[in-house]
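Residues per chain are reported as follows:
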Amino acid sequence: MSALQAVDWSVFRISLQVAVLATLLCVGVGTPLAWWIARSRPVVSGVLSSLALVPLVLPPVSVGYYLLYLFGRQSGFGDFLIDDLGLRIVFSWYGAGIAAAVVALPLYVRTAQAGFEQISPSLLDVAATMTAPRTRFLRVVLPLAWPSLAAATLIALARSVGEFGATVVVAGSIPGSTRTVPAAIYDAVQGGDHALANALALVTAAGGLVILVALTALLRRARRP
Amino acid sequence: MSDSLLHADFRVDLGAFGLEFAQEMGQETVVIFGPSGSGKSVALRAIAGLLRPSAGRIEIAGRPVFDAAAGLDVPPHQRDAAWVPQDLGLFPHLSVLENVLFGMAGDSVTRRSRAHDLLALTGIEALADRRPRTISGGQAQRVALARAIARERPLLLLDEPFSALDEVIRDSLRGELRRLCRELGRGAVFVTHDLREAYLLADRLVVLVDGHILQTGRPDEPFLHPADRRVAALMGFRNLFRGEVVALGADSVEVQVGAHRWRSAVEPARFRVGEAVDVGVRAERVAMRRNVPEELGPNMLRATLVQDDGYGLNHLLRFRPEVPGPEIEVDLPARPYRVLGVTEGASWTLELAPGDVHLMPVVAD
């Protein structure tokens, strides 16, 4: 019980914030990207698909390092964000969200792409002869691919909750501001507080399990005709 | 032409395959017939706007929809044509009624009432709330037709839509398609590799082979007067020989095939003596005689039966002539086969009526 009392509950809020932002970014960027890859010619699709997988190959720490460079004062883009737009992404929770999104994006894109590729080309052609591309996407593509898109979203969410390497490099581990559950666990382990580390991991696992089970059940229910 | 539904003259290049297609049609059913890989579906897709030709021009219902020179390429959904693919492309997540409603214009009440009318017209009103995967192939076909008609486009583009169905259902659907096109005043381009279907549906038949239109005309034209041996082979001519024109008569041409000299009732002006020709004779049109006359008349030859293959209610018989020359096939229904007593002796006289000896200019393969 004493370990639970020592828990700084803000880490859960921040983790959730980071994971939700990362998932939203994955859906927003990954859906059109996956659609584009699925509908491209084989060569283009192969190249794009491989490029989209690069963050999965890189150690998250190096993903974080490159993002730190991109958003920091070292790059022109970072300067532009900070000076012209007033956006300070480094050492902010949304910086952590962006980092988690980059790491989770390949998983989202792969899963969504598989869903898009399953749609029979003749259905898309028929729809193309009947309606404009936007309506076709909303009324044919999304309804047919949504189980895969939902699964991709779940995977992205789960991956973002657990992300540590990239987020900690970009956002650090500032208590109450950017310290996520994984960062708190790391700090606890470093500080030799194994009870706290265990408590954090257990609560995360339990909470994550409840959310995932609930979402999966919801999905299964919605998928039933 | 003001009542022209389709004016197409275009070329499609797909790597090693090229298609040249030119057709002009009004309110009629044009059947594009050809073997697999001949480019039938490619032609249809180009007209529908699903595939961009590399050159040429397409007009649908008097409106240009593609013009390579002018850089015009109207998107598929804005063309005045409704397309039905081979697998029908029914949306699995929508009910039969929603499938028909999809792509219909107008306010919701009018659309629904028209969709119900169409379901009644195609005999599937009872299925309105069913999902496509719960209905039969024939019913799915009717849904696809109803959905295409619901688009209220003057031109229907149908890509082998009956190919997955059994013959009985195909037969009734063919009749229905003709009726619907007539009643609703639509033109249709129908693609098939089924000769019978092509013949039964077509007001006009277009024979397409290896990306080239070899012949176009009334459906019996390619059947009876194929333009060349490729068309003849497709139209089921089993006897195709190389011959040489040896004499021109007043209303016929004499041709030498091996040691045979046959008279063909064709327009002599189209040929000259010494010219190589392809000679086609339908296996169904060869007459067989048991009693061998002393003196052989013109277009008669003595032959020995060397092969007898029964298929269904017919027999395909293969004869070897007594004089040097190609073997000849005869297609004989079961009843004359029995009456003639084909199994009782191998020696026969065959007769080819001059009207059934068809001459064609030789084309390079």
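The rules behind these values
Residues numbered from 1 in each chain as written. Chains lettered and ligands numbered in written order. Predicted model: local features only at pLDDT ≥ 70, side-chain atom pairs only at ≥ 80, totals over all residues. Heavy atoms only, no water. Helix = DSSP H or I, 4+ residues; strand = E, 2+ residues; numbered from the N terminus. Polar contact = N/O pair within 3.5 Å; in protein donor to acceptor, adjacent residues only side chain to side chain. Contact = heavy atoms within 4.5 Å. Axes fitted to C-alpha atoms, helices over the stretch in contact; angles between N-to-C directions. Left-handed = near helix turned anticlockwise from the far one by under 90°. Nonpolar A, V, L, I, M, F, W, Y, C, P; charged D, E, K, R; others polar. Pairing = 2+ DSSP bridges. pLDDT = per-residue confidence, 0-100. Buried < 20%, exposed > 50% of the residue type's maximum accessible area, 1.4 Å probe, protein only. Salt bridge = Lys/Arg side-chain N within 4 Å of Asp/Glu carboxyl O. Buried area = accessible area lost by both parts, 1.4 Å probe.

## Regarding the side chain of Ser122 of chain A
For step 1, the next point in the chain: Mapped onto the fold, Ser122 of chain A is located in helix H7 (residues 121–130).
For step 2, the next point in the chain: A polar side-chain atom of Ser122 of chain A sits 2.6 Å from a polar atom in the side chain of Asp87 of chain B.
For step 3, the next point in the chain: Discounting chain neighbours no more than four positions away, the residues touching Ser122 of chain A are Trp83, Pro85, Asp87 and Gly89 of chain B.

## A look at the packing of helix H2 (residues 10–39) of chain A against helix H3 (residues 42–57) of chain A
Residues and elements named next belong to chain A.
For step 1, the next point in the chain: Relative to each other, H2 and H3 sit at 145°, their axes nearing to 8 Å. Like other packed secondary-structure pairs, H2 and H3 cross with a definite hand, here left-handed. Every residue of H3 that contacts H2 at Leu33, Trp36 and Ile37 is listed here: Ser45, Leu48, Ser49 and Ala52.
For step 2, the next point in the chain: Of the residues in the contact of H2 with H3, the class split is five nonpolar, two polar and no charged.

## A look at the sheet that holds strand S21 (residues 358–361) of chain B
All names here are of chain B.
For step 1, the next point in the chain: Strand order in the open sheet made by the five strands is S14-S13-S12-S15-S21, with antiparallel pairing throughout. Each edge of the open sheet carries a strand with a single partner, namely strand S14 (260–264) and S21. The average undirected angle you get between the axes of adjacent strands in this sheet is 45°.
For step 2, the next point in the chain: Sheet topology note: the strand S15 (residues 276–281)/S21 ladder contains four bridges and is antiparallel.

## Quick look at the confidence of the model for chain B
For step 1, the next point in the chain: Across chain B, the average pLDDT comes to 90, with 99% of residues at or above 70.
For step 2, the next point in the chain: As a predicted assembly, this complex carries a pTM of 0.82 together with an ipTM value of 0.81.

## Here's the deal with the environment of Gly26 of chain B
Residue and element names in this part refer to chain B.
For step 1, the next point in the chain: With respect to the secondary-structure elements, Gly26 resides in the loop between strand S2 (17–25) and strand S3 (29–33).
For step 2, the next point in the chain: Along the chain, Gly26 and Leu155 lie 129 residues apart, while their C-alpha atoms are 9.4 Å from each other.
For step 3, the next point in the chain: Setting aside its immediate chain neighbours within four residues, Gly26 contacts Asp3, Leu5 and Gly187.

## Some words on the pairing of strand S10 (residues 204–209) of chain B
Residue and element names in this part refer to chain B.
For step 1, the next point in the chain: In terms of residue burial, S10 counts as a mostly covered element, since six of its six residues are buried.
For step 2, the next point in the chain: Burial along S10 is two-sided: the residues Arg204, Val206 and Leu208 and Leu205, Val207 and Val209 are all buried.
For step 3, the next point in the chain: Sheet analysis places S3 next to S10, joined by four bridges and oriented parallel. Each residue of the ladder has a partner; that of Ile32, found in S10, is Val206.

## Considering the pattern of salt bridges
For step 1, the next point in the chain: According to the stated counting rule, one finds 30 salt bridges over all chains in the structure shown.
For step 2, the next point in the chain: A salt bridge links Arg159 of chain A to Glu163 of chain A, with the shortest nitrogen-to-oxygen separation between them at 3.0 Å.
For step 3, the next point in the chain: We classify Arg159 of chain A as partly exposed; its relative accessible area is 25%.
For step 4, the next point in the chain: Between Asp228 of chain B and Arg230 of chain B there is a salt bridge, and its shortest N-O distance comes to 3.0 Å.

## Focus on the interface of chain A and chain B
It is common to give the size of an interface as the accessible area that goes away when the parts come together.
For step 1, the next point in the chain: Counting from both sides, the interface comprises 17 residues of chain A and, opposite them, 18 residues of chain B.
For step 2, the next point in the chain: Between chain A and chain B, the buried area comes to about 1600 Å², and carbon and sulfur atoms account for 68% of it.
For step 3, the next point in the chain: It is Thr129, Met130 and Arg139 of chain A that lose the most area in chain A upon contact with chain B, and together they represent 40% of the buried surface on that side.
For step 4, the next point in the chain: Counting across the chain A and chain B interface gives one salt bridge.
For step 5, the next point in the chain: For Arg45 of chain B, the salt bridge goes to Asp125 of chain A, with nearest N and O atoms at 2.8 Å.
For step 6, the next point in the chain: Put simply, chain A and chain B have six residue pairs in polar contact (both at pLDDT 80 or more) between them.
For step 7, the next point in the chain: The dominant element in the side of chain A that touches chain B, judged by the number of residues it contributes, is H7 of chain A, at eight residues.
For step 8, the next point in the chain: In the side of chain A that touches chain B, the residues fall into 11 nonpolar, four polar and two charged.

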